[in-house]
Amino acid sequence: MSFYPLMETYAEGLPDARFDDFTEQDVRRAINRTTATVEDFMALMSPAASSLLEEMARKASRLTVQHFGRTVSLFTPLYLANICTNHCVYCGFNCTNRIHRSMLSLEEVDAEGAAIAATGLRNLLILTGDAPAKTGVDYLEACTRVLNRHFPSVSIEVFAMTEEEYARLVRAGVDGMTMFQETYDEKLYAVLHPKGPKRDYRFRLDAPERACRAGMRVVNIGALLGLGDWRRDALLTGLHAAYLMHNYPETDIAVSLPRMRPHVGDWEPATIVSDRDMVQFLMALRLFLPRVGITISTRENAEFRENILPLGVTRMSAGVSTAVGGHADETSGEENTGQFDISDARSVDEVCAALRSRGYQPVFKDWEPLFETRGEGI
Amino acid sequence: MSKDTFEIGGRTLTSRLFTGTGKYGDDGVIPEVCEASGSEVITVALRRVDLESATGNVMDFIPEHMQLLPNTSGARDADEAVRIARLARAMGCGDWIKIEVISDNRYLLPDGYETVRATEILANEGFTVLPYVNADLYVAKALVDAGAAAVMPLGAPIGTNRGLKTREMVRILIEEIDLPIVVDAGIGRPSEACEAMEMGADAVLVNTAIATASDPVMMARAFGRAVRAGREAYLSGPGAKRVLADASSPLTGFLGGAA
Ligand code: SF4
């Protein structure tokens, strides 16, 4: 199976103007629906909904507390390497950018892991650029085994892989994968990814599905908002998530809502996605898929992250450094080798204190690993 | 009323309200919730327990006297549930285990077949097994054979607060199954918990409705009282255990002689 044909059907029937066809009445109906349809989801993201944001917020907030409680799972990314063979025009790791390239040795991975674990975090997202020859499956497998000493949950945000490769990583202890489609607009995608393996739109689009098949416990998708028309990308992200939830009910599906951030390259985003737009998408998604996980990264600033908490957020990153080796060695971040600039540079303790002051419980551990070897003999 | 106790796994329980530990904005409220509710059994998701954590652990907030009921939340099949149960025991969480096998993250409905399988394995290993299932008579019968210590049918899907949608099916389980019936999931209001008890359920488990209330402690107290009220109603009335209650004086007495 693949989301591709379904996406094409939606994309064809989706000239941008259609979002303007919705009325406030359509939006009201969508808000009051027990189970929102695709049409309702569109209405909730249409310009007509912008005057009804408060009503959407009430429902989004109620649904979130009902399904997730007043809890937010915390994780942090660990950049293992910034070596990349791709030319994504919007990314600081783009292989044409002249930044210092490095990858962590297993000893360094262990040291980074220990430094992060000391902050209390128990859920780690490991990232690399796209350089399978250097930081391929063998390397990720070895890193995971090292990191599982410190973390009950290790997820990956790396290049798109085959189902067998995902299955290998699941066996090694990886329990989640994040894959951003960047933009669902296939033509624009080709422009933004002029060269390199990531150019293969379809292979990337189907990667989350391959990960579901391979037995990943959590699969997180997203579009980088601002690359193309945000409404269109947001809609297709939601539909992609719905497709995965429907076909892989045993997998926890989550959606990230990253917005473009300043970076080392000189490319500027096509659209500015305002705070209002972002909030509308977040709430529309919550109303459309009440049980989907929603992740907000430190690309967003502290104040905004706190304000949108009740509207549907279930996961957040904290204590983030996007530089390779930036956790154990604090000076390594200074060379500006990070993938993008973060907006919320607070420590884990500070994020936790802020969550608690707003009546939310930070959740550090949300999975008990079930490796065969651990279970044996018990 | 003071002698109205019931037994699960050799432990005598006075309170018929089981509580949970998930979804609280602050775990620090758990001791007060336990006290206000009067509950003696508390469920905790093993996936969230972190004994190595330096930053606090839900277990630190559970009062000593509570019967711990670790659950296998996150298990997608019987094998995972079995492994979680064994881990729970190895971590010192005791022998009670609530089996939750859910391979459907959209609706969170329990998989009856895998639940029976896990129950059989764990009961044989000496666990006190409380399986969470759909209100299905055949699954419940299979659980009895598999060695379950109680049966926990859902009132409505987890976290929906929709109440006793499975009323008629739960009623049948109460009538037919010779194990404690604990209505689990879906109960959103004290009145619904009260109704389950009036029907003759042995206990109810309430987590979301208490944890997500604006004032969880007050809501816990309300649930404690509602459960007691429902139980008293059940004990004092003709009871719902038999739908066809015996008439208090024979309706055919006027015919004279043996009917
Ligand atoms: S987005 Fe990923 S693949 Fe593209 S250049 Fe950056 S690191 Fe490489």
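All values reported here derive from a predicted model rather than from experimental measurement. (Residues numbered from 1 in each chain as written. Chains lettered and ligands numbered in written order. Predicted model: local features only at pLDDT ≥ 70, side-chain atom pairs only at ≥ 80, totals over all residues. Heavy atoms only, no water.)

**Describing the overall build of chain B**
Check the secondary structure of chain B and you find eight helices and 10 strands. Per-residue burial for chain B yields a buried fraction of 57% across its 259 residues. Sequence separation of at least 24 residues holds for 65% of the intrachain contacts in chain B that already meet a minimum separation of 6. By element, 49% of the accessible surface of chain B is carried by carbon and sulfur atoms, the whole surface being about 11200 Å². (Helix = DSSP H or I, 4+ residues; strand = E, 2+ residues; numbered from the N terminus. Buried < 20%, exposed > 50% of the residue type's maximum accessible area, 1.4 Å probe, protein only. Contact = heavy atoms within 4.5 Å. Areas by Shrake-Rupley, 256 points an atom, 1.4 Å probe, with all protein chains shown as cover.)

**Some points on the site of the ligand**
If you check the shell around the ligand, you find 10 residues, and the closest are Cys84, Asn86, Cys88, Cys91 and Lys198 of chain A. Here the shell around the ligand is composed, by residue class, of four nonpolar, four polar and two charged. (Near = heavy atom within 4 Å. Nonpolar A, V, L, I, M, F, W, Y, C, P; charged D, E, K, R; others polar.)

**Things to note about the pattern of salt bridges**
All names here are of chain A. Counted under the stated rule, the structure contains 35 salt bridges over all chains. Between arginine 18 and glutamate 39 there is a salt bridge, with the nearest N and O atoms lying 3.3 Å from each other. Linking arginine 18 in the loop between helix 1 (4–12) and helix 2 (24–32) with glutamate 39 in helix 3 (residues 38–45), this pair joins segments that are 21 residues apart in sequence. Between glutamate 306 and arginine 346 there is a salt bridge whose closest N-O contact spans 2.8 Å. (Salt bridge = Lys/Arg side-chain N within 4 Å of Asp/Glu carboxyl O.)

**As for the interface of chain A and chain B**
Taken together, the contact pairs 36 residues of chain A with 33 residues of chain B. Summing both partners gives a buried area of about 3100 Å² for chain A against chain B, and 46% of it is carried by carbon and sulfur. There are four salt bridges connecting chain A and chain B. A salt bridge links arginine 48 of chain B to aspartate 366 of chain A, with the shortest nitrogen-to-oxygen separation between them at 2.8 Å. Put simply, chain A and chain B have 19 residue pairs in polar contact (both at pLDDT 80 or more) between them. At the level of elements, helix 4 (53–68), helix 12 (230–247) and strand 9 (361–363) of chain A are the ones that each hand at least two residues to the side of chain A that touches chain B. Residue contributions to the side of chain A that touches chain B peak at four residues, all from helix 4 of chain A. (Buried area = accessible area lost by both parts, 1.4 Å probe. Polar contact = N/O pair within 3.5 Å; in protein donor to acceptor, adjacent residues only side chain to side chain.)

**Some thoughts on helix 1 (residues 30–37) of chain B**
Along an α-helix, residues three or four apart share an orientation, since each turn contains 3.6 residues. Residues and elements named next belong to chain B. Listed as buried for helix 1 are Ile30, Val33, Cys34, Ala36 and Ser37. Each element contacted by the buried residues of helix 1 is listed here: strand 3 (17–20), strand 4 (41–45), helix 7 (208–211) and helix 8 (216–236). Looking at the residues trailing helix 1, positive phi occurs at glycine 38, about 75°.

**Quick notes on the environment of alanine 150 of chain B**
Residue and element names in this part refer to chain B. On the secondary structure map, alanine 150 appears in the loop between helix 4 (137–146) and strand 8 (152–153). Owing to a relative accessible area of 0%, alanine 150 belongs among the buried residues under this scheme. Each C-alpha atom, one on alanine 150 and one on glutamate 32, is 27 Å from the other, the two residues being 118 residues apart in sequence. Alanine 150 has contacts with Ile8, Val129, Leu130, Pro131, Leu179, Pro180 and Val182, leaving out every residue within four places of it along the chain.

**Concerning the state of the cysteines**
Residues and elements named next belong to chain A. Enumeration over the complete set of coordinates arrives at zero disulfides over all chains. Here cysteine 143 is not cross-linked by a disulfide; its sulfur's nearest cysteine counterpart is in cysteine 84, at 17 Å. The exposure class assigned to cysteine 143 is buried, which follows from its relative accessible area of 0%. (Disulfide = S-S within 2.5 Å.)

**Side note on the pairing of strand 5 (residues 218–223) of chain A**
Residue and element names in this part refer to chain A. The buried count for strand 5 comes to six of six residues, which makes it a mostly enclosed element. As defined by bridge partners, strand 4 (residues 174–182) adjoins strand 5 across six bridges and the pair is classed as parallel. Bridge assignment links methionine 177 to a residue of strand 5, and that residue is valine 219. Sheet analysis places strand 5 next to strand 6 (residues 252–256), joined by five bridges and oriented parallel. Pairing of asparagine 220 across the sheet is with alanine 254, part of strand 6. (Pairing = 2+ DSSP bridges.)

**Let's talk about the UniProt feature "binding site: 1-deoxy-D-xylulose 5-phosphate" (unreviewed entry) in chain B**
All names here are of chain B. Per the UniProt entry, the sites bearing "binding site: 1-deoxy-D-xylulose 5-phosphate" (unreviewed entry) are Gly159, Ala185, Gly186, Asn207 and Thr208 in this numbering. These residues run over 50 residues, yet every pair of their C-alpha atoms falls within 9.3 Å of each other. Structurally, the position occupied by glycine 159 is in the loop between strand 8 and helix 5 (167–176). Looking at glycine 159, the relative accessible area reads 4%, which means it is buried. (UniProt positions renumbered as here; feature names shortened; annotations may be inferred.)

**Notes on the nonpolar core**
One finds Leu74, Ile156, Tyr166 and Leu257 of chain A to be the most contacted residues of the largest nonpolar core, which totals 120 residues. Considering each element in turn, this core owes the most residues, 10 residues, to helix 12 of chain A. Among all residues touching leucine 74 of chain A, those that are not within four sequence positions of it are Leu121, Asn123, Met316, Ala318, Val351, Cys352, Leu355, Pro362, Val363 and Phe364 of chain A. Judged by nonpolar contacts, the second largest core, of 66 residues, contains Leu46, Val49, Met59 and Val217 of chain B. (Core = buried A, V, L, I, M, F, W, Y, C linked by side-chain atoms within 4.5 Å.)

**A short note on the environment of valine 154 of chain A**
With respect to the helices and strands, the residue valine 154 of chain A is situated in strand 3 (residues 153–157). Discounting chain neighbours no more than four positions away, the residues touching valine 154 of chain A are Leu124, Ile126, Thr144, Leu147, Asn148, Gly173, Val174, Asp175 and Gly176 of chain A.

**Some points on the side chain of glutamate 100 of chain B**
Residues and elements named next belong to chain B. Mapping glutamate 100 onto the fold places it in the loop between strand 6 (96–99) and helix 3 (112–124). Glutamate 100 gets classed as buried once you look at its relative accessible area, which sits at 9%. Polar contacts involving the side chain of glutamate 100 include one to the side chain of lysine 98, which spans 3.4 Å. In contact with glutamate 100, not counting residues within four places along its chain, are Asn71, Thr72, Ser73, Ala75, Tyr132 and Ile158.

**Considering the side chain of threonine 128 of chain A**
Along the polypeptide, threonine 128 of chain A turns up in the loop between strand 2 (123–127) and helix 6 (132–135). In this structure, threonine 128 of chain A is in contact with Leu80, Ala81, Thr135, Leu140, Glu157, Val158 and Phe159 of chain A, ignoring residues within four places of it in sequence.

**Some words on helix 2 (residues 78–90) of chain B**
Residues and elements named next belong to chain B. Relative to the 18 Å expected for 13 residues at 1.5 Å per residue, helix 2 spans 18 Å between its end C-alpha atoms, a close match to the ideal helical length. Those residues of helix 2 lying buried are Ala78, Glu80, Ala81, Val82, Arg83, Ile84, Ala85, Leu87 and Ala88. Between the side-chain oxygen of the N-cap and the backbone nitrogen of aspartate 79 there are 3.2 Å, and the N-cap of helix 2 in question is aspartate 77. Directly beyond the C-terminal end of helix 2, a positive phi value near 90° is found at glycine 92. (Expected span 1.5 Å × (residues − 1).)

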